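# Survey of secondary and tertiary structure
Each chain is listed here by its residues.
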Amino acid sequence: MPDYQTILVEQRGPVTLITLNRPQALNALNSQVLAELIAALEAFDAEDTQGCAVLTGSEKAFAAGADIKEMQAMGFAEMYGTNHFGGYDRITATRKPIVAAVAGYALGGGCELAMMCDFILAADNAKFGQPEIKLAVSPGMGGSQRLARAVGKAKAMEMCLTGRMMDAEEAERSGLVSRIVPLADLVEEAVRTATTIAGMAPLAVKANKEMVDAAYETTLAQGIRFERRLFHGLFGTEDQKEGMAAFVEKRPGKWTGK
Ligand code: CAA
């Protein structure tokens, strides 16, 4: 495993558990965190023994945002010239699923990073927000778009304009998170959920992820056509034959990933 400074990476069977680890800055996302996250996720995506990742932080903070101290002195030319935060597109390019396990603060870039994952499990102490307006800026890692799609315009607009935080209950009610889990069980439950996903046929996992994502980028008619074509494509896999035979023969399927 490479010598990461700002994240911890461990393999729990078929699950890669990535823990943001800058406790002194409440896991604020600086460029080193981004570089290490990209490296860890690209390694995970390329490793055949790994089927799903879990991304988590500490009990106090998933991440309290982009690193304000790193950005403070930057000007337009540097921001625009280097396409600051453009690297985060490499996280959403991961083809295997990533489950966010969020406890404590998920603010600004922290909320945006959680929303880049495929779904969010929230601890009962989780708090989500886009407080950038208080710094006289705005979300910059996709928050205005993903939050609006996740919770609708009214709540997204209120949160972006006031910086108000949403607690776990409201986040679940609004569709931002899939489930609330007691804080003490969060990581174990996320790893259990990720292990279930990693136990599915790998090509079907990728196809399911890709088609749900398409719902956010296409019209309904295009999305349905895309889904159907991928569904048809899965009938060209060995694992589809095995999965359906295993059902008929009342036994668990054994996947080859082909
Ligand atoms: N960047 C850099 N450092 C941060 C940080 C951030 N986003 N958030 C917290 N820290 C640092 C604090 O400066 C502090 O460091 P020092 O001990 O050296 O002073 C340390 O982490 C602990 O933080 P606090 O003392 O503030 O802890 P608290 O419990 O009193 O408050 C908090 C917690 C409410 C989360 C508060 O830290 C806070 O408001 N943080 C900033 C939240 C924010 O504005 N996030 C958006 C950032 S901009 C962004 O993300 C842009 C984008 O869209 C991509």
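Everything in this summary refers to the structure shown in the same document.

Rules and cut-offs
- Within each chain, residue numbers correspond to sequence positions counted from 1 in written order.
- Residue-level local features of this predicted model are given only where pLDDT is at least 70; pairs of side-chain atoms are given and counted only at 80 or more, and the full residue set underlies all totals for whole chains, interfaces and linings.
- To obtain the side-chain values, all non-hydrogen atoms of the structure were used and water was disregarded.
- Numbering of helices and strands runs from the N terminus, with a helix taken as a DSSP run of H or I at least four residues long and a strand as a DSSP run of E at least two residues long.
- As defined in this context, the radius of gyration uses C-alpha atoms, and a globule is described by 2.2 Å times the residue total to the power 0.38.
- Think of it in three bands: with a 1.4 Å probe and only protein chains considered, a residue is buried below 20% of the maximum accessible area for its type, exposed above 50%, and partly exposed in between.
- Two residues form a contact once any of their heavy atoms are found within 4.5 Å.
- Methods summary: accessible areas were calculated by the Shrake-Rupley approach with a probe of 1.4 Å, and residue burial reflects only the protein chains presented.
- Note on pairing: two strands pair once DSSP finds at least 2 bridges between them.
- Summary of the distance rule: residues count as near a molecule or strand when at least one heavy atom falls within 4 Å of that molecule or strand.
- Under the rule applied, a polar contact is a pair of N or O atoms within 3.5 Å (in protein, one hydrogen donor and one hydrogen acceptor; residues adjacent in sequence only if both atoms are side-chain atoms).
- Residues are grouped as follows: nonpolar covers Ala, Val, Leu, Ile, Met, Phe, Trp, Tyr, Cys and Pro; charged covers Asp, Glu, Lys and Arg; every other residue, Gly included, is treated as polar.
- Patch definition: residues with relative accessible area over 30% and no salt bridge; like charges joined within 9 Å; nonpolar side chains (Val, Leu, Ile, Met, Phe, Trp, Tyr) joined within 5 Å.
- Salt bridge, as used here, is a side-chain nitrogen of Lys or Arg placed within 4 Å of a carboxyl oxygen of Asp or Glu.
- Charged residues are defined here as Lys and Arg on the positive side and Asp and Glu on the negative side; His and the ends of the chain fall outside this count.
- Note that the charge is assigned to NZ on lysines, CZ on arginines, CG on aspartates and CD on glutamates.
- Put simply, buried Ala, Val, Leu, Ile, Met, Phe, Trp, Tyr and Cys residues joined by side-chain atoms within 4.5 Å make one nonpolar core.

Turning our attention to the overall build of the protein. Helix and strand counts for the protein come out as twelve helices and ten strands. Relative to a compact globule of 258 residues, whose C-alpha radius of gyration would be 18 Å, the protein shows 19 Å and is just as compact. Across the 258 residues that make up the protein, the buried fraction comes to 43%. Partitioning the contacts of the protein with sequence separation of at least 6, the portion at a separation of at least 24 is 65%. Accessible area for the protein stands at about 13,600 Å²; split by element, carbon and sulfur atoms hold 57% of it.

Below, the discussion takes up the sheet that holds strand 6 (residues 105–107). Working definition: the strands of a sheet are paired by backbone hydrogen bonds and lie parallel or antiparallel to each other. As summarised here, the arrangement of the four strands in space is 4-6-8-9, forming an open sheet in which the pairing is mixed. Since the sheet does not close on itself, it has two edges, and those belong to strand 4 (61–63) and strand 9 (166–167), each with one partner. Relative to strand 6, strand 4 is paired through two bridges, and the arrangement is parallel. From the neighbouring strand, Ala61 faces strand 6, where its bridge partner is Tyr105.

Taken together, 25 residues lie around the ligand, and Lys60, Ala66, Gly109, Glu112 and Glu132 are the ones closest in. A distance of 3.0 Å is found between an oxygen atom of the ligand and a side-chain nitrogen or oxygen belonging to Lys69. The contact in question runs from an oxygen atom of the ligand to an N or O atom on the backbone of Gly140, over 3.0 Å. In the complex, 65% of the free accessible area of the ligand, which totals 980 Å², lies under the protein chains. Those elements that provide at least two residues to the shell around the ligand are helix 2 (68–71), strand 6 and helix 5 (109–116). Take the shell around the ligand: its biggest share by element is three residues, from helix 2. Class assignment for the residues of the shell around the ligand results in 14 nonpolar, six polar and five charged.

Mapped onto the fold, Arg22 is located in the loop between strand 2 (15–20) and helix 1 (31–46). In this structure the side chain of Arg22 is engaged in a polar contact, spanning 2.8 Å, whose partner is the backbone oxygen of Ala28.

As a further point, take the environment of Ile120. Within the element layout of this structure, Ile120 appears in strand 7 (residues 119–123). Exposure remark for Ile120: the relative accessible area of 4% places this residue in the buried category. With 55 residues separating them in the primary sequence, Ile120 and Gly175 have C-alpha atoms 9.8 Å apart. Aside from chain neighbours lying at most four places away, what touches Ile120 is Ala100, Val102, Ala114, Met115, Phe128, Leu176, Val177, Ser178 and Arg179.

Quick look at a negative patch on the surface now. Together, Asp124, Asp167, Glu169 and Glu172 make up a region of like negative charge exposed at the surface. By the secondary structure assignment, Glu172 is in helix 8 (residues 168–173).

Core analysis: the largest hydrophobic core is formed by 45 residues, its most contacted members being Leu20, Leu113, Phe128 and Leu176. Broken down by element, this core gets its largest block of residues, seven residues, from helix 1. Setting aside residues up to four positions removed in sequence, Leu113 forms contacts with Leu20, Leu29, Leu37, Leu55, Phe62, Tyr88 and Ile91.

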